Amino acid sequence: MPPRVSDVMTEAPLSLPLDATLYEAARVMRDEGIGDVLVTYAGRLCGVVTDRDIVVRAVAESRDTSLTPLGDVCTAELTTVQADDDTATVARLMCEQAVRRLPVVDAAQRPVGIVSIGDLAVANGDAGPLGEISKAPPNN
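Everything quoted here is computed from the prediction, not taken from an experiment. (Residues numbered from 1 in each chain as written. Predicted model: local features only at pLDDT ≥ 70, side-chain atom pairs only at ≥ 80, totals over all residues. Heavy atoms only, no water.)

Asks: So what exactly am I meant to see when it comes to the pattern of salt bridges here?
Replies: Pairing between side chains of opposite charge can happen when the charged atoms of each approach one another. Across all of its chains, the model carries 6 salt bridges by this definition. Between Arg63 and Asp72 there is a salt bridge, with its nearest N and O atoms 3.8 Å apart. Take Asp72: its relative accessible area is 46%, and that puts it in the partly exposed class. Here Glu96 and Arg92 are joined by a salt bridge, their closest N and O atoms 3.0 Å apart. Separated by 4 residues within a single helix, Glu96 and Arg92 lie in helix H4 (residues 87-97), roughly one turn from each other. (Salt bridge = Lys/Arg side-chain N within 4 Å of Asp/Glu carboxyl O. Buried < 20%, exposed > 50% of the residue type's maximum accessible area, 1.4 Å probe, protein only. Helix = DSSP H or I, 4+ residues; strand = E, 2+ residues; numbered from the N terminus.)

In structure tokens form, the structure reads like this:
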């Protein structure tokens, strides 16, 4: 039986409220060595913003990152999983949705974790490059 999401996910993912700015998200990403931040409204997941979103949807469009709220550029239509889902289901969803990470939510849609394609590689004992890259510390 495949491991559960709770066995491989990163717990307590970083999140910012919907009205936080892109500048705030970029600083969090830089300071924490991550490429995405979950976006919440009243504590519930409502989107995700990635470093690529900031570049493509904001900087390339000449938006002021210190004034633009996350709600203007985040991806709001999300596929999510729950902590008790199995990793085979997560892998299938990632393939179907062509995404590299999925937010993990509780029954009330509050974020409790995030699972990445690298987490799945490490959990499956992948000795190839993806597993090794995923285990490496971020390069700030």
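Asks: Even after reading the chapter, I still don't get the pairing of strand E4 (residues 44-50), so can you show me in this structure?
Replies: Every other side chain in a regular strand lies on the same face of the sheet, so the side chains alternate between the two faces. Counting buried residues in E4 gives 5 out of 7 residues, a clear majority hidden from the surface. In textbook terms, the turn of a hairpin is the stretch between consecutive antiparallel strands, and for strand E3 (residues 36-41) and E4 this stretch comprises 2 residues, one of which, Ala42, has a positive phi near 55 degrees. (Pairing = 2+ DSSP bridges.)

Asks: What should I look at first to understand the environment of Ala26 in this one?
Replies: Checked against the element boundaries, Ala26 lands in helix H2 (residues 22-32). Remark: the alpha-carbon pair of Ala26 and Thr50, spanning 24 residues in sequence, is separated by 8.8 Å.

Asks: Would you mind going over the sheet that holds strand E1 (residues 10-11) with me for this structure?
Replies: Whether parallel or antiparallel, the strands of a sheet pair through hydrogen bonds between backbone atoms. If you walk across this open sheet you meet the 3 strands as E1-E6-E5, and the pairing is antiparallel. Both edges of this open sheet fall to E1 and strand E5 (101-105), since each of them pairs with a single strand only. In terms of strand pairing, E1 meets strand E6 (residues 111-116) through 2 bridges, oriented antiparallel. Paired with Glu11 across the strands is Gly113, a residue of E6. Across the sheet, H4 lies against E5 and E6, angled at about 130 degrees from E5, the strand it touches most. (Contact = heavy atoms within 4.5 Å. Axes fitted to C-alpha atoms, helices over the stretch in contact; angles between N-to-C directions.)

Asks: I tried to follow H4 on my own but got confused; where do I start?
Replies: Those residues of H4 that fall on the buried side of the exposure criterion are Thr87, Val90, Leu93 and Met94. In a view along the axis of H4, the buried residues occupy a sector of 115 degrees, so they form one face of it. Along H4, exposed side chains directed more than 90 degrees from the buried face belong to Cys95 and Glu96. In this fold, the buried residues of H4 make contact with helix H1 (5-8), E5, E6 and helix H5 (117-123). For H4, the N-terminal cap is Asp86; the gap from its side-chain oxygen to the backbone nitrogen of Ala88 is 3.0 Å. A positive backbone phi angle near 55 degrees is found at Ala98, which sits one or two residues after H4. (Arc of directions from axis to C-beta. Polar contact = N/O pair within 3.5 Å; in protein donor to acceptor, adjacent residues only side chain to side chain.)

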